[in-house]
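# Coordinates in review
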Amino acid sequence: MGLAGLLLAVAFAAAVEAVEALTIVLAIGVTRGWRATWPGVIAGLAVLGVVTAALGPALARIPLAPLRVIVGGVLLIFGLQWLRKAILRSGGYKALHDEDATFASEVSAASSAQRAGRFGVPDWYAFTIVFKAVVLEGLEVAFIVITFGASSGHVGYAVVGAAIGVLAVVAAGFAVRAPLSRVPENAIKFGVGAMLTTFGMFWAGEGAGAEWPGGELAILWLLALTAAGAALAAAGLRRIRVAEVTR
Amino acid sequence: MMAFLRFWKDFLIGDDLTLAVGVVAGIAAVAILHAAGAPAWWALPVAVAATMALSLRRAIRRPKG
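Residues numbered from 1 in each chain as written. Chains lettered and ligands numbered in written order. Predicted model: local features only at pLDDT ≥ 70, side-chain atom pairs only at ≥ 80, totals over all residues. Heavy atoms only, no water.

## A short note on the pattern of salt bridges
Residues and elements named next belong to chain A. Per the counting criterion, the structure on display carries 4 salt bridges over all chains. A salt bridge links E20 to K189, with the nearest nitrogen and oxygen atoms 3.6 Å apart. Highlighted residues: E20 in helix α1 (residues 2-32) and K189 in helix α7 (residues 185-208), separated in sequence by 169 residues. Accessibility classification places E20 together with K189 in one group, the buried group. R68 is the partner of E206 in a salt bridge, and the nearest nitrogen-oxygen pair spans 2.4 Å. Within this pair, whereas E206 is found in helix α7, its partner R68 is found in helix α3 (residues 64-90), the two being separated by 138 residues in sequence. (Salt bridge = Lys/Arg side-chain N within 4 Å of Asp/Glu carboxyl O. Helix = DSSP H or I, 4+ residues; strand = E, 2+ residues; numbered from the N terminus. Buried < 20%, exposed > 50% of the residue type's maximum accessible area, 1.4 Å probe, protein only.)

Following this line, the structure appears as structure tokens:
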């Protein structure tokens, strides 16, 4: 379960972030052309590569117990945020993420923006928008890859998981040449949030001195508990929402 | 630069500071119980469940976006 779960969690987390970045890249690419869009993507990926290459070895120098407390704690906070958003969306208290609306709004803004070159880039607007999207969405993936890799001691698995998630989304996006609005993003976020929460809880607890009943198998029952608790919370919020609306 | 700082703020705090505070308190509880020689594994799941319940309760009282 440990390695398979790690691979799945990283692949799905990377896929969700890739869907959001791809929506912006496609909107800019089809509206302003690809001459400045591709350099923006490549520059963004280069920055992510530098960040990952710098942070990865730095984390590897920290002893495992404190590393797991820090990394597990941050992963746990991050996972809980995803889970909270997914529960609130599922309960009707937060709007669902709408890739079609994001795409339309990016296309509208890109159509009206002035076209001006800078630093040898033919369209500075397209370059900076795409660069920002790739870096900001990609930083979350890079962080998950680094933390999962460092805590589990299997950086290779984490990198492969992220690559699978990103490549699947990019291939699908360029095949349909449209935002991937049919991807059940909230359901995926729900699952990934539960997985990040589980791994974060396991590593942070272990780093702080907890001895989990069942050892590594605790990941399984922690995941089951987390998913069941989140599903119950979402069902409870839906009931409250319905009662509020019909009152 | 501001976008980068905003990213880290969103990443570590997000929409509700309660989650980060609850996680830190849960980890501290595990460390204290472990240092005292008591079983500590249960403290983090309990802290996580309580923190999430509190955070959701606050969110539905002040609905946003």
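## Here we look at a nonpolar patch on the surface
All names here are of chain B. Taken together, the side chains of L12, I13, L17 and V21 define a hydrophobic patch exposed on the protein surface, amounting to about 310 Å² of accessible area. Checked against the element boundaries, L17 lands in helix α2 (residues 17-35). Looking at L17, the relative accessible area reads 49%, which means it is partly exposed. (Patch = residues over 30% accessible without salt bridge, like charges linked within 9 Å, V, L, I, M, F, W, Y side chains within 5 Å. Areas by Shrake-Rupley, 256 points an atom, 1.4 Å probe, with all protein chains shown as cover.)

## A few points about the confidence of the model for chain B
On average, residues of chain B score 86 in pLDDT, and 86% of them are at 70 or above. Two summary scores accompany this predicted model of the complex, namely pTM at 0.74 and ipTM at 0.87. (pLDDT = per-residue confidence, 0-100.)

## Let's talk about the interface of chain A and chain B
Across the contact, 35 residues belong to chain A and 29 residues belong to chain B. In total, about 2900 Å² of surface goes out of reach between chain A and chain B, with carbon and sulfur atoms giving 80% of it. The three residues of chain A that bury the most area against chain B are A:I77, A:L80 and A:R84, which together make up 22% of that side's buried surface. At the boundary of chain A and chain B, one finds 2 residue pairs in polar contact (both at pLDDT 80 or more). (Contact = heavy atoms within 4.5 Å. Buried area = accessible area lost by both parts, 1.4 Å probe. Polar contact = N/O pair within 3.5 Å; in protein donor to acceptor, adjacent residues only side chain to side chain.)

## Structural notes on the packing of helix α5 (residues 124-152) of chain A against α7(A)
Residue and element names in this part refer to chain A. For the pair α5 and α7, interaxial distance at closest approach is 12 Å and the crossing angle is 40 degrees. In terms of their interaxial angle, α5 and α7 are classed as oblique. Between α5 and α7 lies a crossing whose hand is left-handed. Note on element contacts: α7 touches α5 through L196, F199 and W203, opposite I144, F148, S151 and S152. Classifying every residue of the contact of α5 with α7 by side-chain character gives 5 nonpolar, 2 polar and no charged. (Axes fitted to C-alpha atoms, helices over the stretch in contact; angles between N-to-C directions. Parallel < 35°, antiparallel > 145°, perpendicular 65-115°, else oblique. Left-handed = near helix turned anticlockwise from the far one by under 90°. Nonpolar A, V, L, I, M, F, W, Y, C, P; charged D, E, K, R; others polar.)

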